[in-house]
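# Fold and contact review
Okay, here's what each chain looks like letter by letter:
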Amino acid sequence: MSDPSYPEELLYHPEHDWARVDGDQATFGITWFAQDSLGEVVFFDPPKVGTTVTKDAAYTEIESVKAVSDVISPLSGEVVEVNDALGDSPETINEDPYGAGWLVKVKLSDPSEQEALLDAAAYAATLS
Amino acid sequence: MLREIGVESIEELFADIPAHLRLAGPLELDPGQSELEVFQELRALAVRNTSTEDEVCFLGAGMYDHYVPALIDSITSRSEFLTPYTPYQPEVSQGGLQAMFEYQTAICELTGLPVSNASVYEGPSAVAAAGYVAKLANPGRSRFIVSRALHPHSREALATLAHGWGMEVVDAPLCDGLTDLPALDEQVSAVIVQQPNFLGAVEDLEALAGAAHAAGALCVAACDPLPLSVLRAPGECGVDLAVGEGQTLGNRLDFGGPSFGFFAATEALLRRVPGRIAGETVDVEGKRGYVLTLQTREQHIRREKATSNICTAQALNALAGVIYLSWLGRHGIVELTELMLQRTAYARERLAAIDGVALLHDQPVVREFAVALDAPVQAVIDRCVAQGVNPGYALGRDYPEYENGLLVAITERRSRADIDRLADLLDGAVAAERSRNTHHVGAR
Amino acid sequence: MAFTAAADDQLTIYERSKPGRRAFVAPALDVPEHPLDDLIPARLRRAEGERARLPEVSEPEIVRHYNRLSKRNFDLDTGFYPLGSCTMKHNPKLHERVAALDGHARLHPFQDPRHAQGALELMWRLQDSLAVIAGLPHVSLQPSAGSHGELAGVLLTRAFHEDRGETRTQVLTPDTAHGTNPATVTMAGYEVVKVGTDAQGNVDLDDLRAKATPDVACLMLTNPSTLGLFEHGIEEIARIVHDVGATLYYDGANLNAIMGICRPGDMGFDIVHFNLHKSFTQPHGGGGPGAGPIAVADRIEPFLPRPQVVRRDNGNGAQPFFDLDYDRPRSIGRLRGFQGNYGVFVRSYAYIRSLGAAGLRDVSEVAVLNANYLLARLRAEGVLEHLPVAYDRICMHEFVLSGAPMKHDLKIRTLDLAKRLLDHGVHPPTVYFPLLVDEALLIEPTETETKETLDGFAQILVEILREAADDPEIARTAPHTTPVRRLDEAAAARRPVVRQRF
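Residues numbered from 1 in each chain as written. Chains lettered and ligands numbered in written order. Predicted model: local features only at pLDDT ≥ 70, side-chain atom pairs only at ≥ 80, totals over all residues.

## So, the overall build of chain B
The helix and strand tally for chain B stands at 12 helices and 17 strands. Principal-axis analysis of the C-alpha atoms places the extent of chain B at approximately 90 × 60 × 45 Å. Evaluated residue by residue, chain B yields a buried proportion of 63% over its 444 residues. Here the analysis covers contacts within chain B between residues at least 6 apart in sequence; of these, 72% occur between residues at least 24 apart. (Helix = DSSP H or I, 4+ residues; strand = E, 2+ residues; numbered from the N terminus. Buried ≥ 20, exposed ≤ 12 C-beta atoms within 10 Å, placed from the backbone. Contact = placed C-beta atoms within 7 Å.)

Below you can see the structure in the form of structure tokens.
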């Protein structure tokens, strides 16, 4: 994805992660800014299903050719699904960070945490 | 030049250094010398060393007196291999990178494992590095089980590092020359053995690896590379990490270094392997080429979370290694190893037949074996050396239980005539020392 | 810069192999032959069909293959190599001759010390010379490379504290540190804590004071720093560190700037490592071998690796005896087998004997002169407008430029500049290090380059910048004239192919 994009319907964490919330479940990923900074993603090793993730803490890493970056969890909960397809095609994270490049699906332990997250406009403002 | 910089003297360029730290006089070193004088000094030092050209050498114990073919020096002394830096700019380093790729392939073939790095420093530190991989791959376990027949230097290097990890190194004893594993529990991070072991014996790697895996531990095998050409490959036996000393492959003795260490691993451990790895790729025009790959493992990117701190390794020595393996070739390496096998068997028979010399064990061996002398081993060695033959390594310092043990190594440079001479000298030396002792006893 | 471009240059030695070809001829079997099964049971041996698939080629093919490969390498004997932090100085050719003498090259490491006096004396004298250069009296030659020396240093620090009954958990490193420093700290079982750098490019003393607690075991420092700058506050740094009882470690990567000028021991360092493959001319070999000996203060000496090379004097006028001393009860133990990379010691010793005291000082003076001169040339040519120096101070033996303005104004990055330099027959400087400087370019000319080479390099940079102003695409698609063009590193990392597939 060559142009910056921050979909309106998502919530954002200042450490460049997004969350798509659906009731008490959410999907997480990294933002356009994060994948652009990393460069071409070469490896993503997902956490195991059942792992607990905590808001503001790192839950996995993404590697590009020349860098490794912690991925921060926007919300707390338990991992219920991971995107295994990324094992064969990690570059999907660059091409479609909000769609096919999703990282994990989580059952939220405290959905009210989303109030602390930023909307698209507020997140974009932090980048300038 | 000073004018261009805008200073009056070179002194001014060092203004940042506090005056009282700057040296008032010259370093306390001799003045410099001409090339001729330096050459003469280095040669004068060289002649005070007894090299393998000055005596018939049966010393092994980790490094071996092999014949290094002339083509190796002619290639590795080329400026283009000798003087460049690590290949950070791959477009002008394809020679070095492709050589690394070819080297990695050869190590994979010898070890039977799918992944090899481009070299580490040498054998014992490769074992310590394997321990670090096990520690990171198997967090929370506190112990390494290490064969008593692992090279003493490897055991010590591992222990030195393991101390910093808060892990302990526990010996597995030997039974009849082979590793006798104790019962393993879930505190064991890795089982570390040597193949052939330090006493020359061929271990049953499959059984050892099986026992390790049953306890959830990794199996590390430190291997002598030439014997791997005839022995079942460590990877086939279930070994997770096959490492070892590469000096035997086309490198000089050099009083212990530089040589290289090889490091091979299973696919599962690929991203935990230390050191440089050359990988195949293509350029923008679709031409095949090679780059340093998986660099996110390494210190210059992952820093404190790196798989190792290694930066400079032993690239030139690994190059000598792959040239040597190409020179021996697929069948030549087997012929060479089988030659050593037969000569070792002959040497063993001849020595075991000497009065006062007994085999330490009768396990299968490849190119090295251990005997026990019924006489003070150092005195026997001294007598042989005085006759121009160095009979081997005295085991007593590392193995008090083999006080008068001697480790004898055979290479293709040791002919039947050399072995016969060794046997004759040992026969005479042991007899002389035994009769000396008898006289001493009598004199009391 | 001429590279041969023969069409089959790309074949690997395995692709050249043909069954039955060979270079090696085994000596004839001169002992009775036993059946293999009698010697080694079949279950422990490879089956006939399982031979390792090593190449099958003749000697002329091997020679031609590797000679052709060599012509696809740029090297120091061929051209300028201003790689910052690597000290790519000329490797004197005498060194290969002396290292190849049988007495040095064919000496078994377990040879009786009585019959290896030349080697042990050489090591002892090298130790002594390094001690003089560092200003610290006790040296171990055992570590095999700089990062190995760093590991030794941190393990020595641990032993030092444990000996006093203390357990400390942290080691401090500046944010400009070379990656081997934090990697070493973790390997030694400590936690890394980063210390910041101030606006003048020095260690931030306030940040250091805040982080130097009694839980800190050591501060690892390079001086001059990786920015090529001498630490203004080095003595205050030493005071702060020693006041909390920690050790001060010197990373010797930048020693080329200060030999004979000042000594790390005098600055307050407790432990120093040398990179013999940097300041002491061991050829880099495309990635080693090297050596990383260490020099330490009296209080650290008891913990040095085992064995130590010592000199035993009888006192009655007899020749001194050089020996390997294993009797070191408080030693950290070993870091590797045998005594270290002796072949590297031979070369470094020859270098020190060739230069002598005055020569070593010349080395550092000219290294610093050359770096400052090159910087002044770049300033005069206007290069610094696009590539400003990161810290406007007198540099030492190297300096850092930032490619950030160039990226903005000319639309080419430091990476593109580096790749375009390849087309001009020059090796690029170090890029993207230290991390502190955006689009960093770390340039170290060394003392063995002539003024003409430095002037020429400045002109090349001028030309590349001018060309980029006109057409940035040329640099962005560079290199154009090398044996391969830009390589897909992402593909190599995503689906790694690390061996020949048969």
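## A short note on the sheet that holds strand β7 (residues 68–72) of chain A
Residues and elements named next belong to chain A. Read from one edge of the open sheet, three strands run β4-β6-β7, paired in antiparallel fashion. Each edge of the sheet is formed by a strand with only one pairing partner; in this case those strands are β4 (41–44) and β7. Taking each pair of neighbouring strands and ignoring which way they run, the sheet shows an average axis angle of 35 degrees. Two strands pair when backbone bridges link them, and β4 and strand β6 (residues 58–64) are joined in this way by three bridges, in the antiparallel orientation. When the sheet's bridge partners are listed, V41 is paired in β6 with S64. (Pairing = 2+ DSSP bridges. Axes fitted to C-alpha atoms, helices over the stretch in contact; angles between N-to-C directions.)

## What about the domain arrangement of chain B?
Residues and elements named next belong to chain B. Examined at the domain level, chain B breaks down into domain 1 (56–62 + 330–443) and domain 2 (70–323). Relative placement of domain 1 and domain 2: their C-alpha centres are 30 Å apart. Counting residues at the interface gives 17 residues for domain 1, matched by 17 residues for domain 2. Counting residues per element, the side of domain 1 that touches domain 2 draws most heavily on helix α10 (residues 315–352), which supplies five residues. A per-class count over the side of domain 1 that touches domain 2 returns nine nonpolar, four polar and four charged. (Domains from an automatic or database assignment. Nonpolar A, V, L, I, M, F, W, Y, C, P; charged D, E, K, R; others polar.)

## Describing the environment of N309 of chain B
For N309 of chain B, the position within the fold is in the loop between α9 (299–302) and α10. Note: C-alpha distance between N309 of chain B and A129 of chain B (180 residues apart in sequence) is 10.0 Å.

## Things to note about the sheet that holds strand β1 (residues 138–140) of chain C
Residues and elements named next belong to chain C. Strand order across the open sheet formed by seven strands is β1-β7-β6-β5-β4-β2-β3, with mixed pairing between neighbours. In the strand order of this sheet, the two ends are held by β1 and β3 (191–195), each with one partner. Strand-to-strand twist across the sheet, computed as the mean angle between neighbouring axes with direction ignored, equals 25 degrees. For strand β2 (residues 170–174) and β3, the ladder comprises five bridges, and the chain directions are parallel.

## Things to note about helix α12 (residues 342–380) of chain C
Residue and element names in this part refer to chain C. Counted at 1.5 Å a residue, the expected span for α12 with its 39 residues is 57 Å, but the 46 Å between its end C-alpha atoms falls short. A maximum bend of about 95 degrees is found in α12 at G356. Counting buried positions along α12 yields 30 of 39 residues, so the element is predominantly enclosed. Taken from the residues just after α12, G382 is the one with a positive phi, measuring 80 degrees. (Expected span 1.5 Å × (residues − 1). Bend = angle between axes of the 7 residues up to and from the residue.)

## A closer look at the pairing of strand β3 (residues 143–147) of chain B
Residues and elements named next belong to chain B. A large share of β3 lies buried, amounting to four of its five residues. Relative to strand β4 (residues 168–172), β3 runs parallel, the two being bridged by five bridges. In the strand pairing of β4, I145 is matched with V170. Handedness of the crossover is the feature at issue here: the chain leaves β3, passes through helix α7 (residues 152–165), returns alongside β4, and the resulting connection is right-handed. Strand direction decides the pairing type here: β3 and strand β7 (residues 188–195), joined by four bridges, are parallel. Note that in β7 the partner of V146 across the bridge is I192. (Right-handed = clockwise from strand over helix to strand, strands pointing away.)

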